[in-house]
Amino acid sequence: ILIMTLEEAAKQYDISMSYAVQLQGSTCLWGWTWSVECGYQAFDGRIVYPTAGECEKGLIEFLKTFTGPTK
């Protein structure tokens with residue numbers, strides 16, 4: 001099984017983490033989010049993390065099963 005590391009992913013794709021707001025109904029959640037931009041396709045965590053460290057852990061968990069863009 002191939003596991004992509006954060007370092008390997010950053011060589012191929014635009015990886016970002018940012019502090020932002022996410023709207024859930026009438027509730028605004030402030031926190032950290034991550035995204036992986038692959039040209040015509042992008043992936044994001046869809047979760048707002050309270051700390052940058054937790055956001056990074058979520059991104060690393062996603063990359064363990066990420067095989068690259070599907071388009």
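Scroll up for the structure.
Nothing here was measured: the structure is a model prediction, and the numbers come from that model.

Undergrad: Looking at this structure, I do not really get unusual backbone geometry. What am I missing?
TA: Both trends apply: most residues other than glycine have a negative phi, and most peptide bonds are in trans. We note that Arg46 has phi near 55 degrees; this positive angle belongs to a residue other than glycine. Within the secondary structure, Arg46 is located in the loop between strand S3 (42-44) and helix H2 (52-63).

Undergrad: Sorry, what's going on with the nonpolar core here?
TA: Counting residues in each nonpolar core, the largest one holds 13 residues, and the members touching the most others are Tyr13, Val36, Leu63 and Phe66. The element best represented in this core is H2, accounting for 3 residues. Those residues in contact with Tyr13 that lie beyond four places of it in its chain are Met4, Val36, Glu37, Cys38, Phe66, Gly68 and Pro69.

Undergrad: Help me out: how do you make sense of the pairing of strand S2 (residues 27-37) in this one?
TA: Within a regular strand, side chains alternate between the sheet's two faces. Direction of pairing for strand S1 (residues 14-24) relative to S2: antiparallel, over a ladder of 11 bridges. From the neighbouring strand, Ser18 faces S2, where its bridge partner is Thr33. Turn length for the S1-S2 hairpin, with the two strands adjacent in sequence and antiparallel, is 2 residues, and the turn residue Gly25 shows positive phi of about 65 degrees. With 3 bridges connecting them, S2 and S3 associate as antiparallel partners. Considered in S3, the bridge of Ser35 is made with Asp44. Remark: 4 residues form the turn of the hairpin made by S2 and S3, two consecutive strands paired antiparallel; Gly39 in that turn has positive phi of roughly 80 degrees.

Undergrad: Honestly, the environment of Trp30 in this entry has me stumped. Any pointers?
TA: Secondary-structure assignment places Trp30 in strand S2. Separated by 18 residues in the primary sequence, Trp30 and Val48 place their C-alpha atoms 7.0 Å from one another. If near-sequence neighbours (up to four positions away) are discounted, Trp30 is found in contact with Tyr19, Ala20, Val21 and Val48.

Rules and cut-offs
Residues numbered from 1 in each chain as written. Predicted model: local features only at pLDDT ≥ 70, side-chain atom pairs only at ≥ 80, totals over all residues. Heavy atoms only, no water. Helix = DSSP H or I, 4+ residues; strand = E, 2+ residues; numbered from the N terminus. Core = buried A, V, L, I, M, F, W, Y, C linked by side-chain atoms within 4.5 Å. Buried < 20%, exposed > 50% of the residue type's maximum accessible area, 1.4 Å probe, protein only. Contact = heavy atoms within 4.5 Å. Pairing = 2+ DSSP bridges.

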